[in-house]
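Listed here are the chains, written in short residue letters.
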Amino acid sequence: MTASLYALIAQSAEQAGEKPLIVEGGETRLRYADLDRETACYAQALIASGAQVGDRILVQVEKSVDNVLLYLASLRAGLVYVPLNTAYTATELAYFIEDAGPALIVCDPEKEQAIASLASKTRLLTVDANGRGSLEEAISTVSDAGFETVPRDTDDLAAICYTSGTTGRSKGAMLSHGNLTSNAQTLYDIWHWHSDDVLIHALPIYHVHGLFVALHLALLGGSTILWHHSFDADAVLSDLPEASVLMGVPTFYVRLADHAGLTRAASANMRLFISGSAPLLENTFAEFEAKTGHRILERYGMTEAGMIASNPYDGERIAGTVGFALPGVAARVAGDDGAELPRGEPGILEINGPNLFRGYWNKPDKTAEEMRDDGFFITGDIATMDVDGRIAIVGRGKDLIIAGGLNIYPKEIELAIDAVAGVRESAVIGVPHPDLGEAAVAVVVRESRTLDETAILTAVEGDLARFKQPRRILFADALPRNAMGKVQKARLREQHEGLFAAR
Ligand code: MLC
Ligand code: AMP
């Protein structure tokens with residue numbers, strides 16, 4: 001029997017029949033009944049464009065129905081899907097193309113020229129947010145004769161998702177069909193998903209949260225998705241009465257809780273609000289409950305393992321905790337030596353299970369560094385686990401900033417800033433931010449006072465995606481260092497914690 005995730009989705013699609021799959025602005029954009037034919041055409045077009053089973057297909061396109069079909073066709077054709085944030089600049093893309101070595105790249109027509117110059121030997125297809133581009137032409141030439149879903153084993157790769165490393169260089173987490181399927185099926189059960197669910201999808205589909213968690217659950221359920229290109233509080237609120245589930249990063253809930261339209265009546269039809277990708281503040285949880293009567297269900301995950309822990313559906317959802325390890329997932333809190341710590345003591349969370357990735361693409365050394373001998377993965381998150389197994393994420397062992405659910409690695413930003421003429425050195429820290437949770441701030445030691453904030457921001461603009469660019473550049477005469485000469489980032493964070501006033 002095949003372990004292809006697409007084969008499983010195809011079964012649900014068959015049962016869902018004429019039901020709408022994607023509805024946007026009140027209009028049905030895709031029906032389950034059309035999924036087989038559509039993905040067959042896309043899969044044929046990808047194969048005709050030179051991709052073969054096991055090849056990587058690198059995709060940097062706007063969120064759209066075509067993007068969903070492209071992903072599903074990639075699964076169906078046995079390709080390895082490599083999604084990229086649309087905000088990445090050409091400089092950033094050059095690395096991903098070099099590292100992933102794709103047989104095929106699909107990008108926005110506007111980026112075609114820049115990408116072609118980075119990958120002159122790689123076949124390129126284009127598609128914009130409205131489905132226009134050479135992919136459309138490639139599809140128009142294929143036959144309507146269907147496509148036999150390529151059989152896959154559990155360990156065969158379905159996707160490579162890039163996640164930044166502490167060195168500033170991204171690593172591609174290899175995820176298999178087995179990883180994705182087991183995680184989706186587990187979440188389906190524990191969140192009591194059913195075919196009548198209607199999901200509001202306002203997340204990007206180049207990351208685990210929007211691409212796997214949200215899409216897979218809806219697809220396995222044969223459920224309808226209310227499609228939003230991006231998060232807009234007004235638009236999401238106007239869809240609430242028609243929906244039953246919302247998945248979002250904490251910023252979604254901060255913005256909704258701030259909105260006058262969020263009321264008990266507006267959310268009366270909703271079954272479940274899920275938050276993840278970054279810590280949900282306890283006051284957001286409380287404010288949301290006071291306004292709607294709903295207790296947000298917070299879960300925890302990461303690119304390398306999909307979802308790892310979740311607050312219970314039926315039991316108590318406790319703010320500031322991420323609940324329990326998912327069924328089938330083993331979790332322990334350990335010291336630096338990997339030995340499990342007594343319950344309640346903070347340490348690094350280590351996990352294992354069918355959701356755990358197959359390692360970093362082309363980086364066996366990096367994979368080995370993050371694995372214990374018994375197969376547990378070192379998440380780099382600092383956690384506590386109580387006697388009942390309830391987990392709270394209390395900090396980060398890794399030097400990582402999460403702004404609006406997007407990861408920013410300080411080292412990468414520091415390297416870009418240090419390369420600016422007139423900069424002696426820099427330290428990038430995460431500072432509490434009322435909307436984004438955290439925002440990146442750079443503390444810079446400069447050679448001359450003539451170098452100002454704007455000049456530095458302008459200099460790094462072409463190198464760093466907008467979301468990674470520091471929200472503020474502050475200047476200092478020197479960076480605080482410990483006896484070993486290491487920059488004391490904790491001191492800098494303390495010094496600047498009030499930089500962005502609270503709401
Ligand atoms: C946008 N900007 C950001 C940003 N998003 N800056 C920092 N961090 C972010 N997350 C920039 C924009 O480019 C813009 O630049 C400016 O900030 C203001 O944008 P905005 O209009 O306020 O932002 P918006 O478009 O509304 O987006 C904010 C957001 C979005 C939070 C809704 O970033 C988002 O959808 N985040 C979700 C990310 C996600 O899916 N994470 C899951 C990763 S998977 P300018 O030029 O206008 O100033 C994972 C595993 C797991 O972590 O557990 O799920
Ligand atoms: P990514 O590498 O983008 O997959 O991000 C994964 C990281 O997001 C984790 O290692 C955590 O640091 C963080 N994260 C995800 N969910 C939560 C959560 N509910 N609470 C705290 N941190 C979270």
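Residues numbered from 1 in each chain as written. Chains lettered and ligands numbered in written order. Predicted model: local features only at pLDDT ≥ 70, side-chain atom pairs only at ≥ 80, totals over all residues. Heavy atoms only, no water.

**Digging into the overall build of the protein**
And step 1. Helices and strands together make up the secondary structure of the protein, namely 15 helices and 24 strands.
And step 2. Here the C-alpha radius of gyration of the protein, 23 Å, is about what a compact globule of 503 residues would show, namely 23 Å.
And step 3. By its C-alpha atoms, the protein is 70 × 55 × 50 Å across when sized along the principal axes.
And step 4. Contacts in the protein between residues far apart in sequence, at least 24 positions, make up 66% of those at least 6 positions apart.
And step 5. In the form shown here, the protein has an accessible surface area of approximately 20500 Å², with 49% of it arising from carbon and sulfur atoms. (Helix = DSSP H or I, 4+ residues; strand = E, 2+ residues; numbered from the N terminus. Rg over C-alpha atoms; globule rule 2.2 N^0.38 Å. Contact = heavy atoms within 4.5 Å. Areas by Shrake-Rupley, 256 points an atom, 1.4 Å probe, with all protein chains shown as cover.)

**So, helix H2 (residues 32-48)**
Each turn of an α-helix holds 3.6 residues, which means side chains three or four residues apart point in the same direction.
And step 1. With 17 residues, H2 extends 25 Å from end C-alpha to end C-alpha; this agrees with the ideal 24 Å at 1.5 Å per step.
And step 2. Where H2 is concerned, the buried positions are Tyr32, Asp34, Leu35, Thr39, Ala40, Cys41, Tyr42, Ala43, Gln44, Ala45 and Leu46.
And step 3. Once H2 ends, the next one or two residues include Gly50, with phi positive near 110 degrees. (Expected span 1.5 Å × (residues − 1). Buried < 20%, exposed > 50% of the residue type's maximum accessible area, 1.4 Å probe, protein only.)

**A look at the pattern of salt bridges**
And step 1. Scanning all chains against the criterion turns up 26 salt bridges.
And step 2. Here Asp34 and Arg31 are joined by a salt bridge, their closest N and O atoms 2.9 Å apart.
And step 3. In the salt-bridge network here, residues are joined through shared partners; they are Glu18, Arg31, Asp34, Arg37 and Glu38. (Salt bridge = Lys/Arg side-chain N within 4 Å of Asp/Glu carboxyl O.)

**Some details on the sheet that holds strand E22 (residues 423-433)**
And step 1. Here we have 3 strands laid out as an open sheet, ordered E22-E23-E24, and mixed in their pairing. Among the strands making up the open sheet, the edge pair consists of E22 and strand E24 (472-475). Looking at each pair of strands side by side, their axes are set apart by 30 degrees on average, direction ignored.
And step 2. Bridge analysis of strand E23 (residues 437-446) against E24 gives 4 bridges, and the strand direction is parallel. Within E24, the residue paired with Val444 across the bridge is Phe475.
And step 3. Its contacts with the sheet put helix H14 (residues 453-460) on E22, E23 and E24, and the angle it makes with E24 is roughly 130 degrees.
And step 4. Running at roughly 60 degrees to E22, helix H15 (residues 489-496) makes contact with E22, E23 and E24 of the sheet. (Pairing = 2+ DSSP bridges. Axes fitted to C-alpha atoms, helices over the stretch in contact; angles between N-to-C directions.)

**Focus on the site of ligand 1**
And step 1. Near ligand 1, the surroundings consist of 22 residues, among which Arg255, Ser277, Arg299, Arg466 and Arg471 are the closest.
And step 2. Within the side chain of Arg255, one N or O atom sits 2.7 Å away from an oxygen atom of ligand 1.
And step 3. Within the contact set of ligand 1, a nitrogen atom lies 2.9 Å away from a backbone nitrogen or oxygen of Gly404.
And step 4. Coverage of ligand 1 by the protein amounts to 71% of the 1000 Å² it exposes when considered alone.
And step 5. Elements that contribute at least two residues to the shell around ligand 1 include exactly helix H8 (208-221), helix H10 (250-257) and strand E13 (297-302).
And step 6. Element by element, the count of residues in the shell around ligand 1 is highest for H10, at 3 residues. (Near = heavy atom within 4 Å. Polar contact = N/O pair within 3.5 Å; in protein donor to acceptor, adjacent residues only side chain to side chain.)

**Considering the side chain of Arg390**
And step 1. Tracing the chain through its elements places Arg390 in the loop between strand E18 (377-385) and strand E19 (391-396).
And step 2. For the buried Arg390, no salt bridge exists, and the shortest N-O distance to an oppositely charged side chain is 4.9 Å, to Asp386.
And step 3. Separated by 3.0 Å, the side chains of Arg390 and Thr321 make a polar contact.
And step 4. Beyond its immediate stretch of four places on either side in the chain, Arg390 contacts Asn311, Pro312, Glu316, Ile318, Thr321, Gly323, Phe324, Thr384 and Met385. (Lys, Arg positive; Asp, Glu negative; His and termini not counted.)

**Thoughts on the packing of H2 against helix H3 (residues 65-76)**
And step 1. Close contact between H2 and H3 brings their axes to 8 Å; oriented N to C, the two are set at 70 degrees. Relative to H3, the element H2 lies roughly perpendicular. Together, Leu35, Asp36, Glu38, Thr39, Ala40, Tyr42, Ala43 and Leu46 of H2 and Asp66, Leu69, Leu70, Leu72, Ala73, Ser74 and Arg76 of H3 make up the contact between the two elements.
And step 2. For the contact of H2 with H3, a count of residues per class yields 9 nonpolar, 2 polar and 4 charged. (Parallel < 35°, antiparallel > 145°, perpendicular 65-115°, else oblique. Nonpolar A, V, L, I, M, F, W, Y, C, P; charged D, E, K, R; others polar.)

**Brief notes about the packing of aromatic side chains**
We describe a pair of aromatic rings using the distance from one ring centre to the other and the angle between the two ring planes.
And step 1. Tallied over the entire structure, the rule returns 12 aromatic pairs.
And step 2. Between Tyr88 and Phe467 the ring centres are 6.5 Å apart and the planes differ by 45 degrees, which places this aromatic pair in the tilted class. Highlighted residues: Tyr88 in the loop between strand E4 (80-83) and helix H4 (90-100) and Phe467 in the loop between H14 and E24, separated in sequence by 379 residues.
And step 3. Three or more aromatic residues joined by ring pairs form one cluster here, namely Tyr88, Tyr95, Phe96, Tyr162 and Phe467.
And step 4. The lysine or arginine in question, Arg317, covers the ring of Tyr313, its NZ or CZ lying 5.5 Å from the ring centre.
And step 5. For Arg332, the ring lying beneath its charged end belongs to Phe376, and the centroid distance is 3.7 Å. (Phe/Tyr/Trp six-rings, centres within 6.5 Å; stacked < 30°, edge-to-face > 60°. Lys NZ or Arg CZ within 6 Å of the ring centre and 35° of its normal.)

**Considering the site of ligand 2**
And step 1. Close to ligand 2 lie 16 residues, the nearest being Arg299, Thr303, Asp381, Lys398 and Asn407.
And step 2. Between an oxygen atom of ligand 2 and a side-chain N or O atom of Asn407, the distance comes to 2.8 Å.
And step 3. With 5 residues, the top contributor of residues to the shell around ligand 2 is E13.
And step 4. A per-class count over the shell around ligand 2 returns 6 nonpolar, 5 polar and 5 charged.

**Concerning unusual backbone geometry**
Excluding glycine, a negative phi dihedral is what most residues carry, and trans is how most peptide bonds are arranged.
And step 1. One non-glycine residue, His192, lies in positive phi territory at about 55 degrees.
And step 2. Tracing the chain through its elements places His192 in the loop between helix H7 (177-190) and strand E9 (198-201).
And step 3. We classify His192 as partly exposed; its relative accessible area is 36%.
And step 4. Phi is positive for Ser277, which is not a glycine, with a value near 90 degrees.
And step 5. Its location among the elements puts Ser277 in the loop between strand E12 (272-275) and helix H11 (282-292).

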